[in-house]
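Residue-level structural notes
Each chain, letter by letter, is given below.
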Amino acid sequence: MQEQFEATLARGDRIEPRDWMPDDYRATLVRQIAQHAHSEIIGMQPEGAWISRAPSLRRKATLLAKVQDEAGHGLYLYSAAETLGTSRGELTEKLLAGRQKYSSIFAYPTPSYADVGTIGWLVDGAAICNQVPLCRTSYGPYGRAMIRVCKEESFHQRQGFELLMTMMQGTDEQRAMVQESVDRFWWPALMMFGPPDADSPNTARSMAWGIKRDTNDDLRQKFVDMTVPQAERLGVRLPDDGLVWNEARGHHDFTPPDWDELAAVVRGDGPCSAERLAHRRRAHEDGAWVREAALAFAARAEADRAG
Ligand code: FAQ
């Protein structure tokens, strides 16, 4: 069975739910997919806070659609995790108990409306960089879920860029709002790719299994190279004096973010970590009656069918 698993990976074929797989492969996938799903669901909060305060009906409708897409992404991902034998309820309990993580980026506040644009541009931009290669991940249901997620994230990224471009063509005050927001989000966006490769305990094994297709540092570099010309186009400054084109490497050099800060946020000590989990817990408790009603309805429908 092990040989068949190895041969499937060597051929570049997918592992499917009914195939034999090593316990550690399954556990790594559940860890990563659950974390990814939780990120989508918790990630609805920072932007969701602006739905009722969006400056126009068009901006409100767009933001509402984006946040709904994120709920959808969470659901595809929980479904992919279910194919590995874990229920969505179980994963939610682990998130609420602080036993599973969500992306560090969502532990930061969104005090300015420009943050809606910056999240679209930088956070969805980083998400796309990370997730496009995951369309080729070795586990079938995860890779297939990523295809639709990436298409929607591309739209999200463009709406963020367009929002910021509109503000940059506005007043001095609007331009200052964009710059202030980019100054706050630049470093946390770089942290989304995880710790440096030398301090990433999971990368080597996840790459060998084809779960991850690129290392954290390679994806971070790709994101920086992709973002610099976009920042120039927008007319914003990325807040790093060390950011320069390196002709010999064919890449931009840049200053690494504060890794102690990432470690603190990952531990659950981010600026909004407690607030995000408390909000999620409240929403889960408020939704208990819906889950009970759905189960009661399903039981009655089943009894009617049987009877
Ligand atoms: N935040 O050994 P590694 C989105 C943890 S996009 C929190 O390098 P790995 C879209 C890591 O889990 C965001 N924890 O780990 C959206 C591990 O802990 P563990 C979600 C982090 O797995 C946009 C430990 O540190 N995207 O939501 C972070 O090989 C806008 C050691 O790290 C994904 O999840 C972090 N930044 O690589 C939604 C993509 N970095 O579990 C709304 C899929 C590391 O051993 C609005 N995931 N950790 O206790 C991945 O590609 C990988 O899991 C990485 C981490 C790259 C995140």
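Residues numbered from 1 in each chain as written. Predicted model: local features only at pLDDT ≥ 70, side-chain atom pairs only at ≥ 80, totals over all residues. Heavy atoms only, no water.

The name that an unreviewed UniProt entry assigns to the protein is 1,2-phenylacetyl-CoA epoxidase subunit A, with the source organism given as Nocardioides zeae.

Another aspect to go through is the state of the cysteines. Following the criterion strictly, the structure yields 0 disulfides and no others. We note that Cys129 lacks a disulfide partner, and the nearest cysteine sulfur, in Cys150, lies 10 Å from it. Residue Cys129 is classed as buried on the basis of its relative accessible area of 4%. Unpaired in terms of disulfides, Cys150 finds its nearest cysteine sulfur in Cys135, a separation of 3.9 Å. By relative accessible area, which is 8% here, Cys150 ends up buried. (Disulfide = S-S within 2.5 Å. Buried < 20%, exposed > 50% of the residue type's maximum accessible area, 1.4 Å probe, protein only.)

The next point concerns the site of the ligand. Taken together, 34 residues sit near the ligand, with Gln35, Lys101, Ser200, Lys212 and Asn216 positioned nearest. Taking Met191, its main chain carries an N or O atom lying 3.2 Å from a nitrogen atom of the ligand. The separation between an oxygen atom of the ligand and a polar side-chain atom of Ser200 is 2.7 Å. Protein chains bury 90% of the 1,100 Å² of accessible surface belonging to the ligand in isolation. Among the secondary structure elements, those contributing two or more residues to the shell around the ligand are α2 (23–42), α4 (57–82), α6 (114–131) and α7 (140–168). Counting residues per element, the shell around the ligand draws most heavily on α2, at 6 residues. (Near = heavy atom within 4 Å. Polar contact = N/O pair within 3.5 Å; in protein donor to acceptor, adjacent residues only side chain to side chain. Areas by Shrake-Rupley, 256 points an atom, 1.4 Å probe, with all protein chains shown as cover. Helix = DSSP H or I, 4+ residues; strand = E, 2+ residues; numbered from the N terminus.)

Moving on to the nonpolar core. In this structure, Trp121, Phe223, Leu234, Val236 and Leu238 are the most contacted members of the largest nonpolar core, which totals 46 residues. Elements supplying a minimum of two residues to this core: α4, α6, α7, α8 (172–191), α10 (216–234) and α11 (259–266). In terms of residue count, α6 provides more of this core than any other element does, 8 residues in total. Excluding its chain neighbours within four sequence positions, the residues that come into contact with Val236 are Trp121, Met168, Val178, Gln179, Val182 and Ala231. In terms of nonpolar packing, the next biggest core, distinct from the first, is built from 26 residues, Ala81, Leu91, Leu134 and Cys135 among them. (Core = buried A, V, L, I, M, F, W, Y, C linked by side-chain atoms within 4.5 Å. Contact = heavy atoms within 4.5 Å.)

With respect to the helices and strands, Val244 occurs in strand β1 (residues 244–246). By relative accessible area, Val244 is classed as partly exposed at 44%. Between the alpha carbons of Val244 and Thr255 there is a distance of 9.8 Å; along the sequence they are 11 residues apart. When sequence neighbours within four positions are dropped, the list of residues in contact with Val244 reads His251, His252 and Asp253.

With 20 residues, α8 extends 30 Å from end C-alpha to end C-alpha; this agrees with the ideal 28 Å at 1.5 Å per step. The largest bend in α8 comes to about 35°, at Phe185, with the proline Pro188 one to four residues further on. When we look at burial in α8, the residues that qualify are Val178, Ser181, Val182, Phe185, Trp186, Pro188, Ala189, Leu190 and Met191. Among the structural elements, α6, α7, α10 and α11 are those in contact with the buried residues of α8. (Expected span 1.5 Å × (residues − 1). Bend = angle between axes of the 7 residues up to and from the residue.)

Further remarks concern the packing of aromatic side chains. Within this structure, the stated rule accounts for 7 aromatic pairs. Ring plane angle 75° and centroid distance 5.0 Å describe the contact between Phe5 and Tyr25, whose orientation is recorded as edge-to-face. Highlighted residues: Phe5 in helix α1 (residues 2–11) and Tyr25 in helix α2, separated in sequence by 20 residues. The two residues Phe5 and Tyr25 agree in class, both being buried. Ring geometry for Trp186 versus Phe223: centroids 5.9 Å apart, planes at 20°, classification stacked. Of the two residues, Trp186 sits in helix α8 while Phe223 sits in helix α10, which places them 37 residues apart along the sequence. For the pair shown, Trp186 and Phe223 are each scored as buried. (Phe/Tyr/Trp six-rings, centres within 6.5 Å; stacked < 30°, edge-to-face > 60°.)

By the element assignment, Gly143 lies in helix α7. Judged by its relative accessible area of 0%, Gly143 is buried. Distance from Gly143 to Arg14, taken between C-alpha atoms, is 8.9 Å for residues 129 residues apart in sequence. Excluding anything up to four places from it in sequence, Gly143 contacts Arg14, Leu134, Cys135 and Thr137.

For α6, which comprises 18 residues, the first-to-last C-alpha distance of 24 Å matches the rise-based estimate of 26 Å (1.5 Å per residue) to within 8%. The largest bend in α6 amounts to roughly 25° and is located at Gly120. In terms of burial, α6 is a largely internal element, 17 of the 18 residues being buried.

Our next topic: the pattern of salt bridges. In this structure the tally under the stated criterion is 18 salt bridges. Ionic pairing is found between Glu162 and Arg59, a salt bridge with its closest N-O pair at 2.9 Å. One end of the pair, Glu162, is in helix α7; the other, Arg59, is in helix α4, with 103 residues separating them in the sequence. Arg59 gets classed as buried once you look at its relative accessible area, which sits at 13%. A salt bridge links Asp124 to Lys66; its shortest N-O distance comes to 2.9 Å. Pair noted here: Asp124 is in helix α6 and Lys66 is in helix α4, with a separation of 58 residues, a long-range link. Of the two residues, Asp124 and Lys66, neither departs from the other in class, the shared state being buried. (Salt bridge = Lys/Arg side-chain N within 4 Å of Asp/Glu carboxyl O.)

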